[in-house]
Amino acid sequence: MRRSKFLACCVAAASVGPIAAYSQSRGQANAVLYEGGRLIIGDGTVIDSGAFVVENGRIGALGPKGAVTLPAGAARVDLTGKTVMPSMINAHVHIGYEGYTSWGAQNYTPQNVQNHLEREAFYGVGATVSVGSSPTDQSIRFQQDQQAGKLPPASRFLFMPGMAPPNGGPDAVLLKGTTALHAVYEVSTAQEARAAIQTMAAKRLKHVKIWVDDRRGTYPKMTPDVYNAVIDEAHKHQMLVHAHATTLPDQKAVVRAGADVVVHLVQGEKLDEEYLAILREKKPYWATVIGLGDRTEVCDNDPFVDQALPAAVVAAIRATSEARPLAPNCGPPSPNAATREATIANNFPKMIAAGVRLVLGTDAGIHAGHTFGSADHHELARWVQLGLTPSQAIVAATERPAELLGITDMGTLAVGKSADFLVLNANPLENIRNTRQIASVYLRGIMLDRNALLAAWKKAS
Ligand SMILES: [Zn+2]
């Protein structure tokens with residue numbers, strides 16, 4: 001362990017600050033010392049046998065076992081043989097529409113938003129960002145209630161509005177939901193785009209999503225005039241722009257224009273040197289959402305995935321043997337699956353080598369039957385399959401999305417941070433699939449009652 005700032009000496013100085021406001025209303029007051037576990041810090045470093053103190057929902061001291069002293073009256077939890085990592089942060093989902101017996105705007109209630117956030121939390125995701133599909137004022141109210149401690153423990157809710165041309169933007173399924181809720185700002189001109197950004201900035205929003213996609217010629221596509229205005233105006237207000245773009249020309253265009261986050265991977269063509277040069281210069285964040293295009297893990301009879309889903313949903317997906325392009329199924333792989341995989345295997349490492357800043361995102365909730373929470377683990381495993389080390393994958397699921405989203409009290413195990421972490425029965429640095437060996441999930445220092453969540457989901461289904 002090389003970083004003395006983690007040691008107990010610095011607790012007093014680090015424990016005051018703006019992060020206190022969130023966690024003080026939660027968390028148990030009595031200190032608890034967790035010791036003996038392997039600590040994956042979230043920044044790429046590891047403490048092989050570590051210890052940390054949790055007090056008032058925050059990490060009060062952290063370091064190698066033996067270097068952290070037991071505060072008076074503190075309880076002690078032995079984590080020998082376990083691995084601890086920060087809770088993950090999912091920077092790209094679509095919360096609220098999935099109802100498991102139906103999908104759509106009629107399901108979009110605060111209770112259903114809470115349900116989806118509980119599902120993310122169950123799987124160790126401590127913060128979840130609904131991107132471009134959650135209605136603004138309702139979402140702000142939900143955030144206020146959550147921050148005030150009025151809601152049961154769940155993944156911390158973040159959201160950003162979307163912008164698209166009228167009748168453009170989200171795919172055919174999601175569009176039905178967002179249109180009914182007026183969740184996407186519809187803009188046709190640069191002037192309208194700037195006005196919309198100003199409205200968002202006045203509500204203190206920090207992120208916005210745009211779609212630059214004509215869906216193979218079937219949709220109106222946001223013009224360069226409009227997205228240049230979005231990006232320029234957003235940056236004037238210290239806002240970041242997340243751009244959906246799925247083709248090489250579109251990704252090139254939005255990154256060159258200054259989009260801060262690119263969403264999706266180019267899976268239909270190989271990247272060229274021109275794009276890689278742009279990436280090396282701009283170094284955007286990148287939410288791959290690979291899993292959205294993958295065969296669902298529901299087909300694999302994996303209890304890790306199945307446990308949180310209603311049995312009827314699992315059965316319906318497994319029973320579907322024909323290909324359904326916009327819904328999970330267990331049909332034969334699509335005819336272009338092998339080509340897609342080869343293109344991804346070519347493009348992914350090139351993006352990483354060019355210096356893009358990978359962040360976790362899953363697109364869960366965009367259509368019926370995609371899985372909140374387990375999809376996050378799928379995404380990590382895919383990255384490792386494509387050449388990342390497990391450590392790099394974990395950083396991209398923890399510290400880096402926290403940095404992107406300005407979540408200053410999450411993302412790493414460090415003094416002063418909110419005590420949001422997973423305890424794992426096996427070491428994911430040896431095998432990334434060990435992120436699925438979840439012994440427990442802690443949010444703001446309190447162990448999540450995962451069995452109670454499972455029981456409630458079973459009852460409802
Ligand atoms: Zn999406």
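From a predicted model like this one, the values you see are computed outputs, not experimental measurements. (Residues numbered from 1 in each chain as written. Predicted model: local features only at pLDDT ≥ 70, side-chain atom pairs only at ≥ 80, totals over all residues. Heavy atoms only, no water.)

A word on empty space enclosed by the protein. For the coordinates displayed, the defined rule picks out five cavities of 30 Å³ or more. Estimated volume of the largest cavity: approximately 180 Å³. Considering every element that reaches the lining of the largest cavity, the biggest residue donor is helix H13 (residues 374-385), with four residues. A class-by-class count of the residues in the lining of the largest cavity yields five nonpolar, eight polar and four charged. (1 Å grid on protein atoms, 1.4 Å probe; cavity = no way out; pocket = protein on both sides within 12 Å on 5 of 7 lines; lining within 4 Å. Points joined across faces, edges and corners; volume = space filled by probe spheres on them. Helix = DSSP H or I, 4+ residues; strand = E, 2+ residues; numbered from the N terminus. Nonpolar A, V, L, I, M, F, W, Y, C, P; charged D, E, K, R; others polar.)

We now examine the coordination of the zinc ion. Around the zinc ion, the protein supplies His92 (NE2), His94 (NE2) and Asp363 (OD) as donor atoms, at distances of 2.0 to 2.1 Å. Along the chain, the residues donating to the zinc ion fall in the pattern H-x1-H-x268-D. Of this pair, His92 sits in strand E8 (residues 88-93) while Asp363 sits in the loop between strand E17 (357-359) and H13, and the two are 271 residues apart along the sequence. Its relative accessible area of 2% is what places His92 among the buried residues. (Donors = N, O, S within 2.8 Å, 3.2 Å for Na, K, Ca; no water. Buried < 20%, exposed > 50% of the residue type's maximum accessible area, 1.4 Å probe, protein only.)

Under the 1.5 Å per step criterion, the end-to-end length of helix H6 (residues 190-202) is 18 Å for 13 residues, consistent within 8% with the ideal 18 Å. Looking only at H6, the buried set comprises Ala190, Ala193, Ala196, Ile197 and Met200. All buried residues of H6 fall inside an arc of 120° around its axis, so they share one side. Exposed residues on H6 whose side chains face more than 90 degrees from its buried face are Gln191 and Ala202. Residue Arg204 follows H6 closely and has a positive phi angle near 65°. (Expected span 1.5 Å × (residues − 1). Arc of directions from axis to C-beta.)

Now for the packing of helix H7 (residues 224-236) against helix H8 (residues 248-257). Where H7 meets H8, the closest approach of the two axes is 10 Å, and the angle between their N-to-C directions is 35°. The two elements H7 and H8 meet at a crossing, and its hand is right-handed. Between H7, through Tyr227, Asn228 and Ile231, and H8, the contact on the second element is made entirely by Ala253, Val254 and Ala257. Of the residues belonging to the contact of H7 with H8, the class tally is five nonpolar, one polar and no charged. (Axes fitted to C-alpha atoms, helices over the stretch in contact; angles between N-to-C directions. Left-handed = near helix turned anticlockwise from the far one by under 90°. Contact = heavy atoms within 4.5 Å.)

Moving on: the state of the cysteines. Counting across every chain of the model gives one disulfide. Paired by a disulfide, Cys299 and Cys330 hold their sulfur atoms 2.1 Å apart. In this structure the cystine formed by Cys299 and Cys330 twists about its S-S bond by roughly -100°; its chirality is therefore left-handed. Separated by 31 residues along the polypeptide, Cys299 in the loop between strand E16 (285-287) and helix H10 (303-306) and Cys330 in the loop between helix H11 (311-319) and helix H12 (337-353) bring together distant segments of the chain. The same class applies to Cys299 as to Cys330, namely buried. (Disulfide = S-S within 2.5 Å.)

With that settled, consider the pairing of strand E14 (residues 240-244). Among the five residues in E14, four count as buried, and that is most of the element. Note that strand E13 (residues 207-211) and E14 share five bridges and pair parallel. In the strand pairing of E14, His207 is matched with Leu240. As a crossover connection, the stretch from E13 through H7 into E14 is right-handed. (Pairing = 2+ DSSP bridges. Right-handed = clockwise from strand over helix to strand, strands pointing away.)

The phi angle at Arg215 is positive, at roughly 45°, despite the residue not being glycine. With respect to the secondary-structure elements, Arg215 resides in the loop between E13 and H7.

The next point concerns the side chain of Asn346. Considering the arrangement of structural elements, one finds Asn346 in helix H12. Residue classification places Asn346 among the buried positions, given a relative accessible area of 19%. At 2.8 Å, the side chain of Asn346 and the side chain of Asn347 are in polar contact. Apart from the residues lying within four places of it in its own chain, the contact partners of Asn346 are Lys270 and Leu271. (Polar contact = N/O pair within 3.5 Å; in protein donor to acceptor, adjacent residues only side chain to side chain.)

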